[in-house]
Amino acid sequence: MGEEITAAAKEINLWRGISSLFPLLGAFLADSYFGRFNTVLISTVIYLMGLILLTISVAVIPLHHRRTVFFTALYILSVGEGGHKPCVQTFAADQFDEELPEEKETKSSFFNWWYLGLVIAATTSIVVVVYVQNYVGWAIGFGLPIGVVAMALALFLIGKRTYRREAPVGSPFTKVAQVFIAAIKKWRLSETRDGLDLCYDDENNIGRQVLARTNQFRLLDKATIIDEIDLSNKTRNHWRLCSINQVEQVKLLLRLFPIWLSCLFFTLVNAQQTTYFTKQVATLNTSIGPHFHIPPASFQVVTGIAILTAVPCYDRLLVPAARSLSGHPSGITMLQRIGVGIFFSFLAMVVSALVESKRIHIAMTNGLIDNPKAIIPMSAWWMVPQYVLCGFSDVFTIVGLQELFYDQVPEEMRSMGAAAHISALGVGSLVSSVVISAVQGLSKGVGGGGEGWLGGGNNLNRDHLDYFYWVLAGLSGLGLCVYVWFARGFVYKKVDSCEDDGLNLHVKV
């Protein structure tokens, strides 16, 4: 819509950031009230309505009124995604029976192939939809997804009688609050190791996993101590006395929060693919032969191709090889996988900075520094390595986060777990907007000719995007160090395997 580069980048990151927070609401409603199946159904209909309005905005609405309708449609799409994204993946994973060893092992591969399917769809849309938008028309380009989503909804409804469904269990935040309140009320009590003085009973957890007791966050264990007031009550006051299982569920959430926080540095890098990367490609030679030019936005397909290649290699080659060495069912742990991905994102920023330095040097050498619309005599294929590294980073980090936030949250909060990893990507986009503004403000007059490293106009040749990438590389390296520090102290979920007589027979890690 004719916006300046910096303004457009901040606006896109703001929309992506806000959009990725909606899944928290959608997941809460799914886990607490509607169930995942109903939430997927309702949100898909809302998403379809947003697509229709988006198509109308570019096909019918005049240009001077288009902005309001266009962004209204985008945020309707965000609401639809808010219910769909955290629930559809979790609902699919729920179809595996964790009590069967073969299905539990298959579930680990499921997350790889699920992400592969998403990437195939995204890559197809980048190639087909972007091409149609650029060379046929924006209305048809936005209209194509309407038919695809309608077909997907019909296919989803065909199998509704065969799905395994988890019933909603009420607000998970209430159970979390109960643990903190009960622990505060009993903070003066000394913990005892006598089993009779601790609350093991959890009447709300019938048929679900029973968590083993852990030694982290011991202050919360005070919520399980049975004092004289509890003994005098005819019924348990859940705001004074909580079961060990309920306390351990809260501990799971507390352990995941530092991991989520440290991954924001990764998402900060991830946000650049749809903003500055595309702007760089637009200044380079994207031709294949004398008559065909690749649209700059379509270069994101390189990331998709890297993922399409990496996922099968990871699942079929790396995992079996690592499994034979480590003995771990998945070859490497979920946290190790995420850490490798963060390292790849650091490398991506280093390569991005070096390539951008070369681009600016060629522009200066050819006297194009003040001609922002000129095509620099440098092949756009120089951008491929950073796109590939971002793809490798996604395979390790995003899929690792998906599995971690599904496996390591309480069973009844798995939609919230999926929303948490999605929200990390969104918050990263918001942080990217803040970092862009901060770098632009602080860099004015420092190596940017008074305009700052990110300029603020539409002349990328006069900016110092390479300096910005070096800042992101530094932040990514710092984030990796913070992540490793938190990951070293992480304790994975421990489950008590119980028989019908209620006795704890053994513990599985």
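Model, not experiment: these values are computed from the prediction.

Caption draft 1: Molecular detail of a nonpolar patch on the surface. Together, Val127, Val128, Tyr131, Tyr135, Val136, Ile140, Leu144, Ile288, Phe292 and Trp381 line one region of the surface with nonpolar side chains, adding up to about 930 Å² of accessible area. Among the secondary structure elements, those contributing two or more residues to the nonpolar patch are helix H5 (101-135) and helix H6 (138-158). Counting residues per element, the nonpolar patch draws most heavily on H5, at four residues. Mapping Tyr135 onto the fold places it in helix H5. Its relative accessible area of 47% is what places Tyr135 among the partly exposed residues.

Caption draft 2: Region of the structure containing the environment of Lys373. With respect to the helices and strands, the residue Lys373 is situated in the loop between helix H13 (334-365) and helix H14 (384-407). Along the backbone, Lys373 and Ala282 are 91 residues apart, and their C-alpha atoms lie at a distance of 9.0 Å.

Caption draft 3: Geometry of the nonpolar core. Ranked by internal contacts, the top residues of the largest apolar core, which has 76 residues, are Ile259, Leu404, Phe468, Tyr469 and Tyr483. If we skip the residues at most four places from it in the chain, Phe468 touches Gln272, Tyr276, Val435, Ile436, Val439, Trp453 and Leu454.

Caption draft 4: The confidence of the model for the protein chain, seen in detail. Averaged over all residues, the pLDDT of the protein chain equals 83, while 90% of them reach at least 70. Mean pLDDT across the elements of the protein chain bottoms out in strand S5 (residues 504-508) (33) and peaks in H13 (93).

Caption draft 5: Representation of the packing of H13 against helix H16 (residues 465-488). For the pair H13 and H16, the least separation of the axes is 8 Å and the interaxial angle reads 165 degrees. Classified by the angle between their axes, H13 and H16 sit roughly antiparallel to one another. In the packing of H13 onto H16, the handedness of the crossing is left-handed. Split into classes, the residues belonging to the contact of H13 with H16 amount to 18 nonpolar, seven polar and two charged.

Caption draft 6: Spotlight on unusual backbone geometry. Here Phe217, not a glycine, exhibits a phi torsion of approximately 50 degrees, which is positive. Note on placement: Phe217 falls in the loop between strand S1 (210-211) and helix H8 (228-232).

Caption draft 7: Summary view of H13. In a regular helix each residue adds 1.5 Å, so 32 residues correspond to 46 Å; H13 covers 47 Å between its end C-alpha atoms and thus fits that length. Following H13 by one or two positions, Gly367 adopts a phi angle in the positive range, close to 65 degrees.

Caption draft 8: Local environment of the pattern of salt bridges. Using the criterion set out here, one finds 15 salt bridges in the structure. Asp221 serves as the salt-bridge partner of Arg213, at 3.7 Å between the closest nitrogen and oxygen. Taking the shortest distance from any N to any O, the salt bridge between Glu248 and Arg255 comes out at 3.9 Å. Overall, Glu248 belongs to the buried group, its relative accessible area being 2%. Of the residues examined, Arg255 reaches a relative accessible area of 5% and is grouped as buried.

Caption draft 9: Structural context of the packing of aromatic side chains. Considering all chains together, one arrives at 27 aromatic pairs under this definition. With a centroid separation of 5.9 Å and 80 degrees between ring planes, the pair formed by Phe28 and Tyr33 is classed as edge-to-face. Overall, the relative accessible area of 51% leaves Tyr33 in the exposed class. Three or more aromatic residues joined by ring pairs make a cluster, and in this case those are Phe96, Phe110, Phe111, Trp114 and Tyr406. Arg165 extends its terminal NZ or CZ atom over the ring of Phe37, reaching a point 3.9 Å from the ring centre. One Lys or Arg, Arg414, reaches over the ring of Tyr406 and ends 4.2 Å from the middle of that ring.

Parameters and conventions
- Residues numbered from 1 in each chain as written.
- Predicted model: local features only at pLDDT ≥ 70, side-chain atom pairs only at ≥ 80, totals over all residues.
- Heavy atoms only, no water.
- Patch = residues over 30% accessible without salt bridge, like charges linked within 9 Å, V, L, I, M, F, W, Y side chains within 5 Å.
- Areas by Shrake-Rupley, 256 points an atom, 1.4 Å probe, with all protein chains shown as cover.
- Salt bridge = Lys/Arg side-chain N within 4 Å of Asp/Glu carboxyl O.
- Helix = DSSP H or I, 4+ residues; strand = E, 2+ residues; numbered from the N terminus.
- Buried < 20%, exposed > 50% of the residue type's maximum accessible area, 1.4 Å probe, protein only.
- Core = buried A, V, L, I, M, F, W, Y, C linked by side-chain atoms within 4.5 Å.
- Contact = heavy atoms within 4.5 Å.
- pLDDT = per-residue confidence, 0-100.
- Axes fitted to C-alpha atoms, helices over the stretch in contact; angles between N-to-C directions.
- Parallel < 35°, antiparallel > 145°, perpendicular 65-115°, else oblique.
- Left-handed = near helix turned anticlockwise from the far one by under 90°.
- Nonpolar A, V, L, I, M, F, W, Y, C, P; charged D, E, K, R; others polar.
- Expected span 1.5 Å × (residues − 1).
- Phe/Tyr/Trp six-rings, centres within 6.5 Å; stacked < 30°, edge-to-face > 60°.
- Lys NZ or Arg CZ within 6 Å of the ring centre and 35° of its normal.

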